[in-house]
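This is what each chain is made of:
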2 protein chains.
Amino acid sequence: MASSITVRTPASIANLGPGFDVFGLAVNAFYDEVTLRKTKSGITIISNGSVPSNPHSNTAGIVVGNMKRRFKINGGIEIAIRKMIPPGFGMGSSAASAAAAAVAFDRLFRLGLDSTALVEFAGVGEKASAGTVHYDNVAAAVCGGFTIVRTDPLDVIMLDPPADLRICIAVPKLDVPKKKTRKSRKLIPKQVRFSDHIANLSNASAMVAGFAQKDSDLIGSSIHDIIVEPARMRMIPGFSKVKDYALKAGATGVTISGAGPSVVAFSKKSADLEKISTAMAKGFATAGTKCMTIVCKPTKGADIRNKAKAIL
Amino acid sequence: MASSITVRTPASIANLGPGFDVFGLAVNAFYDEVTLRKTKSGITIISNGSVPSNPHSNTAGIVVGNMKRRFKINGGIEIAIRKMIPPGFGMGSSAASAAAAAVAFDRLFRLGLDSTALVEFAGVGEKASAGTVHYDNVAAAVCGGFTIVRTDPLDVIMLDPPADLRICIAVPKLDVPKKKTRKSRKLIPKQVRFSDHIANLSNASAMVAGFAQKDSDLIGSSIHDIIVEPARMRMIPGFSKVKDYALKAGATGVTISGAGPSVVAFSKKSADLEKISTAMAKGFATAGTKCMTIVCKPTKGADIRNKAKAIL
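Now for a quick tour of the structure.

Here's the deal with the pairing of strand β9 (residues 253–256) of chain B
Residue and element names in this part refer to chain B. For β9 and strand β10 (residues 263–268), the ladder comprises four bridges, and the chain directions are antiparallel. Bridge pairing links glycine 253 to phenylalanine 266 in β10. Taking the residues between adjacent antiparallel strands as the criterion, β9 and β10 are bridged by six residues, where glycine 258 takes a positive phi near 55 degrees.

Topic: unusual backbone geometry
Most peptide bonds take the trans configuration, and most residues that are not glycine carry a negative phi. With an omega of 0 degrees, the peptide bond between Gly260(A) and Pro261(A) qualifies as cis. The phi angle at Asp21(B) is positive, at roughly 65 degrees, despite the residue not being glycine. Given a relative accessible area of 19%, Asp21(B) falls into the buried group.

What to know about the packing of aromatic side chains
Residues and elements named next belong to chain A. Tallied over the full model, the rule gives 10 aromatic pairs over all chains. Plain terms: the ring middles of phenylalanine 105 and phenylalanine 109 are 4.8 Å apart, the flat faces sit at 45 degrees to each other, and that makes the pair tilted. The pair formed by phenylalanine 105 and phenylalanine 109 is uniform in burial state, with each residue classed as buried. An aromatic cluster is present here, built from Phe23, Phe146 and Phe211 joined pairwise through their rings.

Considerations on the relation of the copies chain A and chain B
Each of the two chain copies can be generated from the other by rotation about an axis followed by a shift along it. Mapping chain A onto chain B is achieved by rotating through 180 degrees and translating by 0.0 Å along the same axis, at an RMSD of 0.0 Å. The superposition of one copy onto the other is thereby described by a two-fold rotation axis. In this assembly the copies share their binding face: 100% of the residues contributing to the interface of chain A also contribute to that of chain B.

Re the sheet that holds strand β7 (residues 165–172) of chain A
Residue and element names in this part refer to chain A. What the four strands build is an open sheet, ordered β9-β10-β7-β11; its pairing is antiparallel. Because the sheet does not close on itself, it has two edges, and the strands there are β9 (253–256) and β11 (291–296). Recorded for the sheet is a direction-independent mean angle of 20 degrees between the axes of neighbouring strands.

Examining the sheet that holds strand β7 (residues 165–172) of chain B
The strands that make up a sheet are held in pairs by hydrogen bonds between backbone atoms, and each pair lies either parallel or antiparallel. All names here are of chain B. Reading across the sheet, the four strands line up as β9-β10-β7-β11 and stay open at both edges, with antiparallel pairing between neighbours. Only two strands of the sheet have a single neighbouring strand rather than two, namely β9 and β11 (291–296). Going across the sheet, the axis of each strand differs from the next one's by a mean of 20 degrees, ignoring polarity. Against the sheet, helix α9 (residues 239–248) contacts β9 and β10, and its axis sits at roughly 160 degrees relative to β9.

Concerning the nonpolar core
One finds Val27(A), Phe146(A), Ile167(A), Phe146(B) and Ile167(B) to be the most contacted residues of the largest nonpolar core, which totals 84 residues. Ignoring anything within four residues of it in the chain, the contact list for Phe146(A) reads Leu16(A), Phe23(A), Gly24(A), Leu25(A), Ile157(A), Met158(A), Leu159(A), Pro161(A), Met207(A), Val208(A) and Phe211(A). Ile45(A), Ala95(A), Val103(A) and Leu154(A) belong to the second-largest nonpolar core, a separate cluster that totals 38 residues.

Some remarks on the pattern of salt bridges
Scanning the entire structure with this criterion turns up 22 salt bridges over all chains. Between Arg185(A) and Asp21(A) there is a salt bridge; the shortest N-O distance is 2.7 Å. Of this pair, Arg185(A) sits in helix α5 (residues 180–186) while Asp21(A) sits in strand β2 (residues 19–39), placing them 164 residues apart in sequence. A single burial state applies to Arg185(A) and to Asp21(A), both of which are buried. Of the charged contacts, one joins Glu78(B) and Arg37(B) as a salt bridge, the two residues approaching to 3.3 Å between their closest N and O atoms.

Re helix α9 (residues 239–248) of chain A
Residue and element names in this part refer to chain A. Residues of α9 that are buried include every one of Phe239, Val242, Lys243 and Ala246, and no others. The arc that holds the buried residues of α9, viewed along the axis, is 95 degrees, so those residues lie on one side. Where α9 is buried, its residues touch α8 (228–232), β9, β10 (263–268) and α10 (273–285).

Observations regarding the interface of chain A and chain B
Interface size, as often reported, equals the accessible area lost upon joining of the parts. Taken together, the 38 residues of chain A in the interface contact 38 residues of chain B. Buried area between chain A and chain B, summed over both chains or domains, comes out near 2,700 Å², and the portion from carbon and sulfur atoms is 69%. Considering only the side of chain A, the residues that lose the most area to chain B are Arg150(A), Phe194(A) and Leu201(A), jointly responsible for 25% of the buried surface there. In this assembly, chain A and chain B are joined by zero salt bridges. Residue assignment for the side of chain A that touches chain B shows that the elements contributing at least two residues are β2, β5 (146–150), β6 (155–159), β8 (191–193), α6 (194–212) and α7 (216–221) of chain A. Take the side of chain A that touches chain B: its biggest share by element is 13 residues, from α6(A). Split into classes, the residues belonging to the side of chain A that touches chain B amount to 23 nonpolar, 10 polar and five charged. Note that β8(A) and strand β8 (residues 191–193) of chain B share three bridges and pair antiparallel. Note on β8(B): the bridge partner recorded for Val192(A) is Val192(B).

Examining the side chain of Ser97(A)
Residues and elements named next belong to chain A. Relative to the elements of secondary structure, serine 97 occurs in helix α2 (residues 93–108). Classification of serine 97 by relative accessible area gives buried; the value is 2%. Here the side chain of serine 97 touches lysine 83 through a polar contact of 3.0 Å, side chain to side chain. If near-sequence neighbours (up to four positions away) are discounted, serine 97 is found in contact with Thr9, Asp32, Val34, Thr59, Ala60, Ile81 and Lys83.

What counts and what doesn't
Residues numbered from 1 in each chain as written. Chains lettered and ligands numbered in written order. Predicted model: local features only at pLDDT ≥ 70, side-chain atom pairs only at ≥ 80, totals over all residues. Heavy atoms only, no water. Pairing = 2+ DSSP bridges. Helix = DSSP H or I, 4+ residues; strand = E, 2+ residues; numbered from the N terminus. Buried < 20%, exposed > 50% of the residue type's maximum accessible area, 1.4 Å probe, protein only. Phe/Tyr/Trp six-rings, centres within 6.5 Å; stacked < 30°, edge-to-face > 60°. Least-squares fit on C-alpha atoms with pLDDT ≥ 70 in both. Contact = heavy atoms within 4.5 Å. Axes fitted to C-alpha atoms, helices over the stretch in contact; angles between N-to-C directions. Core = buried A, V, L, I, M, F, W, Y, C linked by side-chain atoms within 4.5 Å. Salt bridge = Lys/Arg side-chain N within 4 Å of Asp/Glu carboxyl O. Arc of directions from axis to C-beta. Buried area = accessible area lost by both parts, 1.4 Å probe. Nonpolar A, V, L, I, M, F, W, Y, C, P; charged D, E, K, R; others polar. Polar contact = N/O pair within 3.5 Å; in protein donor to acceptor, adjacent residues only side chain to side chain.

Limitation: the analysis is restricted to geometry and does not speak to function.
Here's what the structure looks like:
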C-alpha cells in the first residue's frame, strides 16, 4: 500500500447564475494539489500558502480528521497543500483542497468510496469555510465537468461540457472580507417571489439542456439569475459595467463566480476572448478596481498524481 | 394550396413535479384532431364534444381568430374539432386543440412559422382557458417529447425522452369545477422559501439531466415538488394514498398532472405497470372515488394528417 498519495483538483465556478448551491463547473484556471502521507501520529499540515496550519480550521484538515474518525484509521497523517487557487475570490479554493483531501484519503486507505460519498466528505470541509454545507464546488472539484447537486439524499450528476465552451474570469484586486462566503450568504433573500422562482428554474433547466446538448450558446443565454445576483452584486464595485461591457464584447452570459468577487463571462472558442477579457477589466476600472483576467475552459475533476511536486 | 388541413396533437402532462409552467411531456394517452377548412366568411366551429361553439370562447377559435388578424387572412374558416382528450382533467386538452389549430393554420396558409412562434400563438388560446398565458402544455403538444419553456423571450427546448419511460395515469371521476385551472392557480403561494426554491430547482435540473441522459430512474426520482403539489393536493381527495400506493407498487415518482385532478406515476417498461395502475385505483378508492387508468408513453408532437377522420 502506498504511504503517500497526491491529488490535484481544479478551481470551479459555482452557481453559474440560476443554479445557486446546485451547479458547479470545474475549470482549468488554477489547481490545488494535496499530498497525504502516513506518519506515526496526529494530523500535521504544511503548505506553500497562507492556509491555516491548525487541522481543525483547515478545510483539508477537517476532511482528513473526519474521515480518519469515520473509518477508524490509526496512525498519523501529514497533509501537504500546494495551494495555487487564490482563496477568497469565488473560485472554489477551499472546496478544491477539501475535495483533494477526500479523494487522496480514499485512495491512500483504499476505501473505494463512490463520487457521491467523496463529495459528502469534502462538503464537511467546506462547512468550516462557508458556515453551511454546500456541495456545488466540491462536486465540480471531485467529478469535473458540469455538476448538478441534489441534497436529501445527496446525489451528484455530472455532464460533459461542450468542447468549445470558454470562460473569461476577471479576478478583481479587492480586499476580500473575512468569512466572505458567510457574509455573502446573508445577503440572500429568505423568501422569493413565485414568479422569480419559476424564471430562475426555467433558466437552470435550459442550462442543463445546454450542457447535455453541448450547446454553448444555450448555456450562455441561460446565465440569467434574478434572485441571488441582484442581492450580491453590490458587494462587487463595478459589476454592472463588467457585465455590460463583457456582453457587448461578445460574451453570451455573465455572472458572479460563486460568492464572488470574481466575475465570469461565458463564450465560445470562436469568440474574441481577449476582447471580452479586456472589456471586463475596463468595467472594473470604472470603479477604480484592478483585476487579473484568465481565459479558461472546463476540465476534469480530481486527478491522482504519481508524484507530488515539491511544495516547500 | 390545400383548402383544408387536419392536425393531430397529443395529450400532455405539465409540471412533472418541480417544473411548474416550465416542463411538459407529450404522451400517447389521447389525441385531439383539428381540421381547418377555408370557407367564404367568418369562423365557425363544429365538434364531436362539448367544447364551446363560440369562436371567442373556444381555445382553437381564439387561436384561429388571432392568427387570421395577425396575418391579415381574408375569407372564413371552419374549425372541426375531434376532441378525444377529456377536458378538465389536467391532460392538456385545451392546449392540444389550441396547438393543433395553430399548426393547422400555419400549414393551411403556408406561413412557415417556427415551433416557438407556433407555441406562442397556441398559448394565446390557452389563456382563455386558464386565465393566464402558460406554455408548458402547448409546447409539448406542438413539439412532442419533453419540453422546457422559458419566457421573456419565449424559447422552447425539446429533449427526446428515453424509450423505456412509461407513465400510469389515473383520471379520477370527479366533478371538475368550472375554471378549474384558474382556481388551482390561486392555491399557489405567492412567495416561496429560498430553501424550497433551491430544492425544486435541483430536482428540475436533475429531471432535465434524466431526459438528456435517457435515464428513466433519474426522471422518476426527480419528481419531487415541495412547493406546488402540497398546495394543490387537497383538491384531489385520496391523493396521498394514490401516491403512496403507486410508489409501493414500483413507481419511481408520482405527482399531479398539470392542474389535476389526474395523477401520474412514472416508471419503466420493465416494471409491473398493471400493478401500479391498480394501486392508484385503490388509492382513489380510499376516498370513495372511482378512476380510469391508462398506461402510456412519450410521443411526438403535432402531426399533419392527410385525411381528417369524419367527426360528425
